[in-house]
Amino acid sequence: MPSTASDSWLFLLFNLPAKQSSDRVKFWRRLKKFGTIQLKSSTYVLPDEPVHYERFQWLAKEIVDTGGEATLVRVKDIEGMPYSAVVALFNDARSRDYDELVEPLNLLIKDTKTRKKSPDSFANQLQKLRQRFQEIRDLDYFESSRGEDLHRLFEKAESLGPPIKRPETKDRLRIEDYRSKLWITRPRPEIDRVGSAWLIRKFIDPDAKFVFANTPSETPEAIPYDMFEVEFSHHGDCCTFETFIERFGIRDRTVRRLAELIHDADLEDDKFHRLEGFGVELIFKGLAKQGFPDHEILSKGFECFDALYAQFKRT
């Protein structure tokens, strides 16, 4: 396919045998998580962007592998439906999603009893609604006005409750202070540890050396990562790879795309809907089962991430 255009669409058309109702439900849920709109019976649409193309590619392959038929098409014009009309369909779908939050949010705002007697309960309920709001906003590709209305309602709710605990922000680290270092992580590295080592070598410490142990104390001179209670590890809902990105201020867009697939495979929370990360994870698990030593898994992993980086850079 040629490079994407901002005013074109991706169509996924698929068919499944009638007896495969469970697969049909599974794929429908996946499509819903992608924020698709449906035209006719089995035609699903997303804006023509590289991340959506990859999602549809993987889904189409999965459909075919389960015995169905799938076709992915790039469409510039839809007869009888101008671009603005398709955008309106996306905005209508997101508005319906947003509207599901309006009533519980208004009820929470009016619930002065809970707010005064149990501020923690109020904050927890508000946080759950806020999390769902963010999930919808991530799929609001054309920034519907309903989202902005609900955002103001959330601001009102937050002003009534106890202060929201924001993630702790830490000072940005200087890459120059982390050159030619020894780094330590746990044995049998998988996607987050391999990806983080690749990130260290490519963007932070080109001469980095790596060792493996169960605790940092076994090599105290080394900088630990992806280990228990160390600076470079999981924090909040960030995997170690994401922690490195934030602490060192890495703004490479391709690296951030890699972070999405690593996050989803490592934390298994489907935050970014990046299924390909699970395939990459299986490679590292397979290398470990074949008996490859840790350093060799890391070396092969670097080749894997170099290839992924090159491919993502092109798209």
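Before any of the text, the structure's been laid out above.
Note that the coordinates shown come from a computational prediction; the quantities given were computed from them, not determined experimentally.

Enquirer: Looking at this structure, how should I read the overall build of the protein chain?
Expert: A count of helical and extended segments in the protein chain gives eleven helices and seven strands. By its C-alpha atoms, the protein chain is 65 × 55 × 40 Å across when sized along the principal axes. When burial is assessed residue by residue, the protein chain has 45% of its 315 residues classed as buried. In the protein chain, once contacts between residues fewer than 6 apart in sequence are set aside, the share between residues at least 24 apart is 73%.

Enquirer: Would you mind showing me how to read the nonpolar core here?
Expert: Within soluble globular proteins, side chains that are nonpolar tend to cluster in buried spots. The biggest cluster of nonpolar side chains holds 40 residues, and the ones touching the most others in it are Trp183, Phe241 and Phe305. Listing elements by their share of this core, those giving two or more residues are α7 (191-204), β6 (209-212), α8 (240-248), α9 (253-267), α10 (276-289) and α11 (294-314). For this core, the element with the highest residue contribution is α11, accounting for eight residues. Ignoring any residue separated from it by four or fewer positions in sequence, one finds Phe241 in contact with Asp192, Gly195, Ser196, Trp198, Leu199, Val255, Leu258, Ala259 and Ile262. Counting 25 residues, the second-largest nonpolar core is a separate cluster that includes Trp9, Phe34, Val45 and Phe90.

Enquirer: Would you mind showing me how to read the environment of Asn124 here?
Expert: With respect to the element layout, Asn124 can be found in helix α5 (residues 119-138). The spacing of Asn124 and Cys239 is 115 residues in sequence and 23 Å in space, taken between C-alpha atoms.

Enquirer: I keep staring at the packing of α7 against α11 and nothing clicks. Help me out?
Expert: The description of two packed helices rests on the angle between their axes and on the distance between the axes. The N-to-C vectors of α7 and α11 enclose an angle of 70°; their axes lie 9 Å apart at closest approach. When the axis of α7 is compared with that of α11, the two are roughly perpendicular. Within the contact between the two elements, α7 uses Ile191, Arg193, Val194, Gly195, Ala197, Trp198, Arg201, Lys202 and Phe203 and α11 uses Ile297, Leu298, Gly301, Phe302, Phe305, Asp306 and Tyr309. Its residues assigned to classes, the contact of α7 with α11 shows ten nonpolar, two polar and four charged.

Enquirer: In this structure, what is going on with the sheet that holds strand β4 (residues 69-75)? I would like to understand it.
Expert: Each strand in a sheet pairs with another by means of backbone hydrogen bonds, the pair being arranged parallel or else antiparallel. If you walk across this open sheet you meet the four strands as β2-β3-β1-β4, and the pairing is antiparallel. Bordering the open sheet on either side are β2 (37-39) and β4, each of which pairs with just one other strand. Averaged over all pairs of adjacent strands, the angle between their axes in this sheet comes to 30°, without regard to strand direction. As paired strands, strand β1 (residues 9-15) and strand β3 (residues 43-47) are joined by five bridges and run antiparallel to one another. Along β3, the bridge assignment pairs Phe11 with Val45. Contacting β1, β2 and β3, helix α3 (residues 83-110) crosses the sheet at an angle of about 130° to β2.

Enquirer: Help me understand the packing of aromatic side chains in this model?
Expert: The geometry of two aromatic rings is summed up by the distance between their centres and the angle between their planes. If you walk through the whole model with that rule in mind, you get 25 aromatic pairs. Taken together, the ring pairs in this structure connect Tyr178, Trp183, Phe210, Tyr225, Phe232, Phe244, Phe248 and Phe302 into an aromatic cluster. The lysine or arginine in question, Arg74, covers the ring of Tyr53, its NZ or CZ lying 5.7 Å from the ring centre. The ring centre of Tyr309 lies 5.4 Å from the NZ or CZ of Lys202, which sits over that ring.

Enquirer: Mind showing me how you'd approach the sheet that holds β6 here?
Expert: Spatially, the three strands line up as an open sheet ordered β6-β5-β7, and their pairing is parallel. Strand pairing shows two members of the sheet lacking a second neighbour, β6 and β7 (223-224), which therefore form its edges. Strand direction decides the pairing type here: strand β5 (residues 182-185) and β6, joined by four bridges, are parallel. What sits directly across from Leu182, in β6, is Lys209.

Enquirer: Honestly, the environment of Phe34 in this entry has me stumped. Any pointers?
Expert: Looking at where Phe34 falls in the secondary structure, it is placed in helix α1 (residues 21-34). Using a relative accessible area of 1% as the deciding quantity, one classes Phe34 as buried. Remark: the alpha-carbon pair of Phe34 and His52, spanning 18 residues in sequence, is separated by 8.0 Å. Those residues in contact with Phe34 that sit more than four places away from it in its chain are Leu46, Arg55, Leu59, Leu139, Tyr141 and His273.

Enquirer: Is there a simple way to explain the side chain of Asp205 in this structure?
Expert: With respect to the element layout, Asp205 can be found in the loop between α7 and β6. No salt bridge is formed by the buried Asp205. Its closest oppositely charged neighbour is Arg179, at 5.5 Å. Not counting chain neighbours up to four residues away, the residues in contact with Asp205 comprise Tyr178, Arg179, Ser180, Lys181, Trp183 and Ile200.

Enquirer: Sorry, what's going on with the pattern of salt bridges here?
Expert: It is possible for side chains of opposite charge to pair when their charged atoms get near one another. Enumeration over the complete set of coordinates arrives at 27 salt bridges. As a salt-bridge pair, Lys33 and Asp270 come within 3.0 Å of each other at their nearest N and O atoms. Of this pair, Lys33 sits in helix α1 while Asp270 sits in the loop between α9 and α10, placing them 237 residues apart in sequence. The partly exposed category is assigned to Asp270, whose relative accessible area is 22%. For Arg247, the salt bridge goes to Glu231, with nearest N and O atoms at 2.5 Å. Pair noted here: Arg247 is in helix α8 and Glu231 is in the loop between β7 and α8, with a separation of 16 residues, a long-range link. Among the ionic contacts, a cluster of salt bridges with common partners joins Asp99, Arg137, Arg146, Glu148, Asp149 and Arg152.

Rules and cut-offs
Residues numbered from 1 in each chain as written. Predicted model: local features only at pLDDT ≥ 70, side-chain atom pairs only at ≥ 80, totals over all residues. Heavy atoms only, no water. Helix = DSSP H or I, 4+ residues; strand = E, 2+ residues; numbered from the N terminus. Buried < 20%, exposed > 50% of the residue type's maximum accessible area, 1.4 Å probe, protein only. Contact = heavy atoms within 4.5 Å. Core = buried A, V, L, I, M, F, W, Y, C linked by side-chain atoms within 4.5 Å. Axes fitted to C-alpha atoms, helices over the stretch in contact; angles between N-to-C directions. Parallel < 35°, antiparallel > 145°, perpendicular 65-115°, else oblique. Nonpolar A, V, L, I, M, F, W, Y, C, P; charged D, E, K, R; others polar. Pairing = 2+ DSSP bridges. Phe/Tyr/Trp six-rings, centres within 6.5 Å; stacked < 30°, edge-to-face > 60°. Lys NZ or Arg CZ within 6 Å of the ring centre and 35° of its normal. Lys, Arg positive; Asp, Glu negative; His and termini not counted. Salt bridge = Lys/Arg side-chain N within 4 Å of Asp/Glu carboxyl O.

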